[in-house]
Every structure is written in C-alpha cells, then in structure tokens.
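Descriptive structure summary
Now for the letters of each chain:
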Amino acid sequence: MQVLTAFVHDVRYIVALLRGINFSNRASVTLSADLGIIVTVEEARTLLATSYIYSDHFDEWNYSAEISGAASSQLSDPHVDLSTVTFEIPLNTLIECLNIYGTASMSGAGSNSSRKQWRREDDRSDDERYEERRDGRQQARGASNAPAGSRIDQYFGGGSDKGTRARLSYAGSGHPLTLWLAEDSSGPTTTCEIVTFDPEPFIELPFDGDRTVLKIIFKSSSWLRDALSELDPSCDKIIFISNPVAEARKAHRGMPAKPLFRIIAMGTFGTTEYWKLLSVSVQ
C-alpha cells in the first residue's frame, strides 16, 4: 500500500522552492494530509529553512498515513505525530531528477524582463516614460490580435516552453521515493528511485510570535534579492533598519520621509546603504 501518490503537470514551481533552500544536501521531507509536503534543511545547527509544497498544488493527491509506514525512531518518540510520515533524502539528487529533461527552470516573462535600476519612481525622464507607454500600447495591441490560447500560455510563462510532469509515490519507511517523469504523453518517460533515510531531529530555534516587533511582507522578492546580490561579499556586518509606517508616510520640516526599510552593509572598504520608500511593494 502506497503512503503517497501524487501527480503534478509541471514541476517548475516545486523545483523553484527546493532550490531556494538548497544550501545543504540532506533534507527532511514530511508528508502531511493537511499541509502537503514539507521540506526542511538545516546547516551547522544554526540555520533552518523550510519549504511548503501544499497538496492543492498537485493535480492528484492521495495520502494515507499508516503506522507501519513510520520509521522506527518515530514510533519510539511520543512527541511525533503519527498522522505524518517523515524521511530524509538527498536534496541535490531530487532536484537533478526533477530537472532531468532540462525544463524545470522558471522561464517566462518574468525571467526576460530587464533588471530594475536602483532609483526612485520620480527619477525617470520624460523620454523614458514615453517609451514605456508606447511599449505598453504595443504589447496590448499584440495581445488583442493573438489567439486566446496563446495569451493564456504567455501569462503562464511562454506558450512554447515544455514542462516536465511528474508522478511521486512513496510506500513507507525503507522504501525509495519513486518519481515518474515525462514531457508529454508521446515522448520518453523516466523512472527514478531515490533512496530515503530515517530522519534525524532538527534544532529547535526559539521564536515567540507574540513578541515580534518587525514583520515585513514583500509582494515581490526581486528588490530584496537584487539588494543582497549587490552587496560586497567581503562586508563584515549587515544591518536591517525599519521605521514605523506612520513615520515613513510623513516628512518633517521639509525633510523627506524616512525610508520604510533600509539595508546597511559595513565592511573594510566602506559602508553601503540601500533603502526602500513606502510603496505597494512592501507591506
């Protein structure tokens, strides 16, 4: 009897989540009826990262938690929820298997867009605004003349890009994680069996949500990603500074409003600072 059988028509979303935490090869995978697949990675007992692949993302999701499918270490631990199944797996091997056809990268309109410059919205010239409006009209005109199917395909990342569909199955402790991969129904198929291991306990990082003093949700991670990528790798310290929303909205005696969020990198060769004004990109 299978503990898990799941099918997804495109693995790019899953691979993107796994690559985000791929700083350690050994990953703990927890299967849950409510939360789907939870992948946890730990580094040097100081860093813990978790990716949630919810069951709603899969086209098919069949999960049956069996006590016989739990590892022996789980059965002896009274704090382990027997409605979930946990095992460890080589994360690099899983990502390479999912990308066996080379179509697991997040390609599409988002990856082809030009990189945003570090400047404020009001700093653009009149010529740049005119070019953006003209390009927007041309794109809208081309989209209106295109067939409905191609517009939908372009919205989801390009109509001609092939994706990899996958079927996952897991029979319980001691059994491998089996992946069935294919690009289309008429093409070649690949079956991968990845060995699994009994899970080891992870470090528990103390975190009290009631004492949280700062919480920022970025609607787009591109600003933070670009800011961190441009920092000097040799910097000794990185400081994150945030101001209350009320302070960021008002100016004092002709002075500009305080930035909502700042990143300061301090190193041997000097100090670099990036800041973000209050906008729709940050909540």
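In this text, all values refer to a predicted model and were calculated from it rather than measured experimentally.

What counts and how
- Residues numbered from 1 in each chain as written.
- Predicted model: local features only at pLDDT ≥ 70, side-chain atom pairs only at ≥ 80, totals over all residues.
- Heavy atoms only, no water.
- Pairing = 2+ DSSP bridges.
- Helix = DSSP H or I, 4+ residues; strand = E, 2+ residues; numbered from the N terminus.
- Buried < 20%, exposed > 50% of the residue type's maximum accessible area, 1.4 Å probe, protein only.
- Polar contact = N/O pair within 3.5 Å; in protein donor to acceptor, adjacent residues only side chain to side chain.
- Contact = heavy atoms within 4.5 Å.
- Patch = residues over 30% accessible without salt bridge, like charges linked within 9 Å, V, L, I, M, F, W, Y side chains within 5 Å.
- Areas by Shrake-Rupley, 256 points an atom, 1.4 Å probe, with all protein chains shown as cover.
- Salt bridge = Lys/Arg side-chain N within 4 Å of Asp/Glu carboxyl O.
- Core = buried A, V, L, I, M, F, W, Y, C linked by side-chain atoms within 4.5 Å.
- pLDDT = per-residue confidence, 0-100.
- Disulfide = S-S within 2.5 Å.
- Axes fitted to C-alpha atoms, helices over the stretch in contact; angles between N-to-C directions.
- Phe/Tyr/Trp six-rings, centres within 6.5 Å; stacked < 30°, edge-to-face > 60°.
- Lys NZ or Arg CZ within 6 Å of the ring centre and 35° of its normal.

Once that is clear, we can look at the pairing of strand S4 (residues 47–53). Looking at chain direction, strand S3 (residues 36–43) and S4 are connected through 7 bridges and run antiparallel. If you follow Ile-37 over to S4, its bridge partner there is Ile-53. Between S3 and the antiparallel strand that follows it, S4, lie 3 residues; Ala-44 among them carries a positive phi value of about 55 degrees.

Along the chain, Ser-32 turns up in strand S2 (residues 26–32). Exposure remark for Ser-32: the relative accessible area of 9% places this residue in the buried category. In this structure the side chain of Ser-32 is engaged in a polar contact, spanning 3.3 Å, whose partner is the backbone nitrogen of Asp-34. Leave out the neighbours within four places in its chain, and Ser-32 touches Trp-61, Tyr-63 and Thr-84.

Attention shifts here to a nonpolar patch on the surface. A cluster of nonpolar residues, Leu-35, Tyr-52 and Tyr-54, forms a patch on the protein surface that exposes about 280 Å² of accessible area. Tyr-52 gets classed as partly exposed once you look at its relative accessible area, which sits at 38%.

All right, on to the nonpolar core then. Formed by 37 residues in total, the largest nonpolar core has its most connected members in Leu-18, Leu-31, Ile-37, Phe-58, Leu-91, Leu-98 and Leu-179. The leading source of residues in this core is helix H3 (residues 91–98), at 5 residues. In this structure Leu-179 touches Leu-94, Cys-97, Leu-98, Arg-167, Leu-168, Thr-190, Thr-191, Cys-192 and Ile-194, once residues within four positions along its chain are discounted. With 8 residues, the next largest nonpolar core counts Leu-231, Phe-261, Ile-263 and Ala-265 among its residues.

Overall, the prediction assigns the protein chain a mean pLDDT of 75, with 67% of residues at 70 or greater. Every residue in residues 108–123 scores below 50 in pLDDT, and together they form 17 contacts with partners more than four places removed in sequence or on other chains. Within the model, pLDDT remains below 50 along residues 278–283, and this stretch shows 19 contacts once partners closer than five positions in the same chain are excluded.

What follows is about the state of the cysteines. Tallied over the full model, the rule gives 0 disulfides. Free of any disulfide, Cys-97 has its nearest cysteine sulfur in Cys-192, 3.9 Å distant.

The final tally for this structure, using the stated rule, is 5 salt bridges. Ionic pairing is found between Asp-226 and Arg-225, a salt bridge with its closest N-O pair at 3.5 Å. Taking the relative accessible area as the measure of exposure, Asp-226 reaches 12% and is therefore buried. Residue Arg-262 is joined to Glu-273 by a salt bridge in which the shortest nitrogen-to-oxygen separation is 3.1 Å. Remark: Glu-273 occurs in strand S12 (residues 270–276) and Arg-262 occurs in strand S11 (residues 261–267); sequence separation between them is 11 residues. In this structure Arg-262 comes out as partly exposed when scored by relative accessible area, which is 22%. The exposure class of Glu-273 is partly exposed, given its relative accessible area of 39%.

Further remarks concern the environment of His-175. Secondary-structure assignment places His-175 in the loop between strand S7 (165–170) and strand S8 (177–182). Looking at His-175, the relative accessible area reads 38%, which means it is partly exposed. When the C-alpha atoms of His-175 and Ile-194 are compared, they prove to be 8.9 Å apart, with 19 residues separating the residues in sequence. Setting aside anything within four residues of it in sequence, one finds His-175 in contact with Tyr-170 and Thr-196.

Turning next to the sheet that holds S3. In spatial order, the strands read S4-S3-S2-S6; together these 4 strands make up an open sheet with antiparallel pairing. The two strands at the open ends of the sheet, each matched to only one other strand, are S4 and strand S6 (85–90). Averaged over neighbouring strand pairs, the angle between their axes works out to 25 degrees when direction is ignored. On top of the sheet, helix H1 (residues 12–20) reaches S3 and S4; it is set at about 170 degrees to S4, its chief contact. Contacts between H3 and the sheet are confined to S2, S3 and S6, with S6 contributing the most and set at about 80 degrees to the helix.

This next bit is on the packing of aromatic side chains. The full count for this structure, using the stated rule, is 5 aromatic pairs. The structure contains a cluster of three or more aromatic residues connected by ring pairs, namely Phe-58, Trp-61 and Tyr-63. The ring of Phe-197 has Arg-26 lying over it, and the distance from NZ or CZ to the ring centre is 4.5 Å.

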